[in-house]
Amino acid sequence: MSRFPDVVIIVRSKKNFANIGKVRILGSASPCLSTLRVGAPVKDAVLCLLKNGFLITEQKNIGVFFRIR
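Residues numbered from 1 in each chain as written. Predicted model: local features only at pLDDT ≥ 70, side-chain atom pairs only at ≥ 80, totals over all residues. Heavy atoms only, no water.

Novice: Would you mind going over the packing of aromatic side chains with me for this structure?
Specialist: Throughout the structure, instances matching the rule amount to 0 aromatic pairs. Between Arg 12 and the ring centre of Phe 17, over which it is positioned, the NZ or CZ distance is 4.4 Å. (Phe/Tyr/Trp six-rings, centres within 6.5 Å; stacked < 30°, edge-to-face > 60°. Lys NZ or Arg CZ within 6 Å of the ring centre and 35° of its normal.)

Quick look at the structure:
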């Protein structure tokens, strides 16, 4: 049985580029759920995701992160 990867999509806020404007989680984003909320700093979420095995696949005002389970 193949497993789908965990995917997190972060869209930066239009008002404050340093903060999260929207977030979508497909699968699991643990243990980073507390950093993945609208209005939270993007930097904290990105650092948590990278420390927990996620890879960045695209970057501009939208960050797409994935982790193979």
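Novice: I'm lost on the sheet that holds strand β4 (residues 62-67) in this one. Help?
Specialist: Each strand in a sheet pairs with its neighbour through backbone hydrogen bonds, running either in the same direction (parallel) or in the opposite one (antiparallel). If you walk across this open sheet you meet the 4 strands as β2-β1-β4-β3, and the pairing is antiparallel. Every other strand in the sheet has two partners, leaving β2 (20-26) and β3 (55-58) as the edge strands with one partner each. Within this sheet the neighbouring strands show an average axis-to-axis angle of 25°, counted without direction. By the bridge criterion, 3 bridges tie β3 to β4 in an arrangement that is antiparallel. Paired with Glu 58 across the strands is Val 64, a residue of β4. (Pairing = 2+ DSSP bridges. Helix = DSSP H or I, 4+ residues; strand = E, 2+ residues; numbered from the N terminus. Axes fitted to C-alpha atoms, helices over the stretch in contact; angles between N-to-C directions.)

Novice: What is the right way to read helix α1 (residues 42-51) from this model?
Specialist: Residues that lie three or four places apart on an α-helix share one face, since the helix turns once every 3.6 residues. Val 42, Ala 45, Val 46, Cys 48 and Leu 49 are the residues of α1 that are buried. Projection of α1 onto a plane perpendicular to its axis shows the buried side chains occupying an angular sector of 165°, all on one side. Of the exposed residues in α1, the ones pointing more than 90 degrees away from its buried face are Lys 43 and Lys 51. At its buried positions, α1 is contacted by β1 (6-12), β2, β3 and β4. Immediately downstream of α1, the backbone of Gly 53 shows phi near 90°, a positive value. (Buried < 20%, exposed > 50% of the residue type's maximum accessible area, 1.4 Å probe, protein only. Arc of directions from axis to C-beta. Contact = heavy atoms within 4.5 Å.)

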